[in-house]
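# Geometric and topological summary
Residues per chain are reported as follows:
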Amino acid sequence: MALIDDWREKHSRKSGKGKLILYVFLLVFIIFLILEADTFVNGFSRIFFSPDSSAAVDESLPE
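Criteria and thresholds
Residues numbered from 1 in each chain as written. Predicted model: local features only at pLDDT ≥ 70, side-chain atom pairs only at ≥ 80, totals over all residues. Heavy atoms only, no water. Helix = DSSP H or I, 4+ residues; strand = E, 2+ residues; numbered from the N terminus. Buried < 20%, exposed > 50% of the residue type's maximum accessible area, 1.4 Å probe, protein only. pLDDT = per-residue confidence, 0-100. Salt bridge = Lys/Arg side-chain N within 4 Å of Asp/Glu carboxyl O. Phe/Tyr/Trp six-rings, centres within 6.5 Å; stacked < 30°, edge-to-face > 60°.

Assigned secondary structure in the protein chain consists of four helices and zero strands. Residues classed as buried in the protein chain amount to 2% of the 63 residues present.

For the protein chain, per-residue confidence averages 79 on the pLDDT scale, and residues scoring 70 or more make up 75% of the total. Looking over the protein chain, one finds the lowest element-wise mean pLDDT in helix 4 (residues 51-60), namely 55, and the highest in helix 2 (residues 17-35), namely 92.

We now examine the pattern of salt bridges. Pairing between side chains of opposite charge can happen when the charged atoms of each approach one another. What the rule picks out here adds up to one salt bridge. Put simply, Asp 6 and Lys 10 hold a salt bridge, and the shortest N to O gap is 3.7 Å. Note that Asp 6 and Lys 10 are positioned in helix 1 (residues 3-10) at a spacing of four residues, about one turn of the helix. Take Asp 6: its relative accessible area is 27%, and that puts it in the partly exposed class.

The description of an aromatic ring pair rests on the distance of the ring centres and on the angle between the ring planes. Taken as a whole and judged by the stated rule, the model has three aromatic pairs. Each ring, one from Phe 25 and one from Phe 29, has its centre 6.4 Å from the other, and the planes form 15°; the classification is stacked. Remark: Phe 29 and Phe 25 occur in helix 2; sequence separation between them is four residues, near one turn of the helix. By relative accessible area, which is 41% here, Phe 29 ends up partly exposed. Measuring from centroid to centroid gives 4.7 Å for Phe 44 and Phe 48, while their planes differ by 45°, and the two rings are tilted. Of the two residues, Phe 44 and Phe 48 both sit in helix 3 (residues 37-48), four residues apart, roughly one turn of that helix. Joined through ring pairs, the aromatic side chains of Phe 44, Phe 48 and Phe 49 make up one cluster.

See below:
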């Protein structure tokens, strides 16, 4: 028996459907993130760079 036949007999080929589904899901998720990037940036900016917080910082600075 050839070595390759022996190896194939011991290591049966597994189905790749699980990986395929994962890769398709990741592709859809990345496309969604790309298309909705402006929404995420606006939300992030609103949380960390709100106009109220900059006004509070300006009031605390001595002139």
